[in-house]
Amino acid sequence: YDIEKVSIYANGRNFISKVWDLIFSKVPTLYSRSQVKKICHMIKNSEATFLFLETSKMGYFAKVAKKYNKIVVTFLHNCEVVLYGSSRGRIFVPFIKKQEKLTVYHSDVLIYLNERDKSVFNRIYPDTKNIQSEVLPITFEDIVTKEKIVRLQNKKRSNRGLFFGSNFPPNYNGINWF
């Protein structure tokens with residue numbers, strides 16, 4: 001495949017602009033109205049036969065792609081409704097759910113991070129069961145035993161680590177857990 005790489009960044013988005021876009025944007029909290037227009041123009045005029053979405057928060061773009069007979073492949077690395085509903089972003093849940101619903105119902109292929117995410121999507125959006133889907137085999141069996149945990153807790157730790165990543169809620173919560 002010949003892949004078109006285009007970057008349109010959603011940086012510089014403050015809280016006020018996110019709230020404004022919740023009310024007026026077709027893709028809330030991600031892109032401004034002018035960026036949405038530019039992306040839709042690119043989808044319409046691109047010679048690409050498929051659109052790959054790396055999040056379920058881009059449902060409007062999936063809908064536009066289907067309008068122009070593009071195949072839509074979506075990578076679902078978590079259920080955003082569940083993620084936002086369990087964090088400080090509860091205010092965004094109705095808007096995120098609308099996008100997520102558009103995404104899954106306009107996708108031709110859904111790629112899940114794991115079986116758990118697939119079952120969550122199937123429960124929240126029952127029609128996803130009828131969409132071609134794949135699960136990436138990236139999780140591993142947990143081989144940590146209680147004995148290993150006790151040994152590590154009793155051992156004096158001298159190692160330190162750094163984490164570089166975004167302030168994505170699971171990253172933040174994971175670091176706080178340690």
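Above this note sits the structure.
First, a word on scope: everything that follows refers to the structure included in this document. Just so it is clear, the model here is predicted, and its values are computed rather than measured. Starting afresh in each chain, residues are numbered from 1 along the sequence in its written order. Totals for whole chains, interfaces and linings use all residues, but because this is a predicted model, local features are given only for residues with pLDDT of at least 70 and pairs of side-chain atoms are given and counted only at 80 or more. As a rule here, side-chain values come from all non-hydrogen atoms in the structure, and water together with hydrogens is ignored.

## Let's talk about the side chain of T55
Where helices and strands are cited, they refer to DSSP runs of H or I of at least four residues and of E of at least two residues respectively, numbered from the N terminus. Inspection of the secondary structure assignment puts T55 in the loop between β1 (50-53) and α3 (59-67). Given a relative accessible area of 5%, T55 falls into the buried group. Residues count as neighbours in contact if any of their non-hydrogen atoms are within 4.5 Å of one another. With near-sequence residues (within four places) excluded, T55 lies in contact with T74, F75, H77, E80 and T103. Buried residues are those whose accessible area, probed at 1.4 Å on protein chains only, stays under 20% of the maximum for their type, while exposed residues exceed 50% and partly exposed ones sit between those limits.

## Quick notes on the packing of helix α2 (residues 33-45) against α3
At a minimum axis separation of 9 Å, α2 and α3 run at an interaxial angle of 30°. In terms of their interaxial angle, α2 and α3 are classed as roughly parallel. Here α2 and α3 pass one another in a crossing that is right-handed. Contacts between α2 and α3 involve V36, I39, C40 and I43 from the former and Y60, F61, V64 and A65 from the latter. When residues are grouped by polarity, Ala, Val, Leu, Ile, Met, Phe, Trp, Tyr, Cys and Pro land in nonpolar, Asp, Glu, Lys and Arg in charged, and all others, Gly among them, in polar. Within the contact of α2 with α3, the residues separate by chemical class into 8 nonpolar, no polar and no charged. Helix axes are fitted only over the stretch in contact, all axes being lines through C-alpha atoms; the angle between N-to-C directions runs from 0 to 180 degrees. An angle below 35 degrees is treated as roughly parallel, one above 145 as roughly antiparallel, one from 65 to 115 as roughly perpendicular, and anything else as oblique. We call a crossing left-handed when the near helix sits turned anticlockwise from the far one by less than a right angle, and right-handed when that turn is clockwise.

## Comments concerning the pattern of salt bridges
Close approach of charged atoms allows side chains of opposite charge to pair. Definition used for salt bridges: Asp or Glu carboxyl oxygen within 4 Å of a side-chain nitrogen of Lys or Arg. Using the criterion set out here, one finds 2 salt bridges in the structure. Across the pair D108 and K66 runs a salt bridge, and its minimum N-O distance is 2.8 Å. Highlighted residues: D108 in the loop between α5 (93-106) and β3 (109-112) and K66 in helix α3, separated in sequence by 42 residues. A relative accessible area of 28% places D108 in the partly exposed class.

## Let's talk about the sheet that holds strand β2 (residues 71-76)
At least two bridges found by DSSP between two strands is the condition for calling them paired. Reading across from one edge, β1-β2-β3-β4 is the order of the 4 strands in this open sheet, with parallel pairing throughout. Two strands close off the open sheet at either side, each with one partner strand: β1 and β4 (132-135). Each strand axis lies, on average, 15° off the axis of its neighbour in the sheet, ignoring direction. Across the face of the sheet, α3 comes into contact with β1 and β2 while running at roughly 170° to β1. Running over the sheet, helix α6 (residues 115-124) touches β2, β3 and β4 and is turned about 130° from β3.

## Things to note about a positive patch on the surface
Patches draw on residues past 30% relative accessible area with no salt bridge. Two like charges within 9 Å are joined, as are two nonpolar side chains (Val, Leu, Ile, Met, Phe, Trp, Tyr) within 5 Å. The Shrake-Rupley method, run with a 1.4 Å probe, gives the accessible areas here. Residue values count only the displayed protein chains as cover. In this tally Asp and Glu are treated as negative and Lys and Arg as positive; neither His nor the chain ends contributes. Charge coordinates come from a single atom per side chain, which is NZ of Lys, CZ of Arg, CG of Asp or CD of Glu. A cluster of like positive charges, contributed by K44, K63, K67 and K98, occupies part of the molecular surface. Counting through the fold element by element, K98 comes out in helix α5.

## Observations regarding the packing of aromatic side chains
Each Phe, Tyr or Trp ring, with Trp reduced to its six-membered ring, pairs with another whose centre is within 6.5 Å; inter-plane angles below 30 degrees give stacked pairs, above 60 give edge-to-face pairs, and intermediate values give tilted ones. Evaluation of the coordinates by the stated rule reveals 4 aromatic pairs. Grouped by ring-pair contacts, the aromatic residues Y105, Y112, F121 and Y125 constitute a single cluster.

## Examining unusual backbone geometry
Even without being glycine, N69 reaches a positive phi, approximately 60°. Looking at the secondary structure, you find N69 in the loop between α3 and β2. Given a relative accessible area of 70%, N69 falls into the exposed group.

## Overview of the packing of α3 against α5
Their axes nearest at 7 Å, the elements α3 and α5 cross at an angle of 35°. Seen from above, α3 lies across α5 with left-handed handedness. Judged by residue contacts, G59, Y60, A62, K63 and K66 of α3 engage Q99, L102, T103 and H106 from α5.

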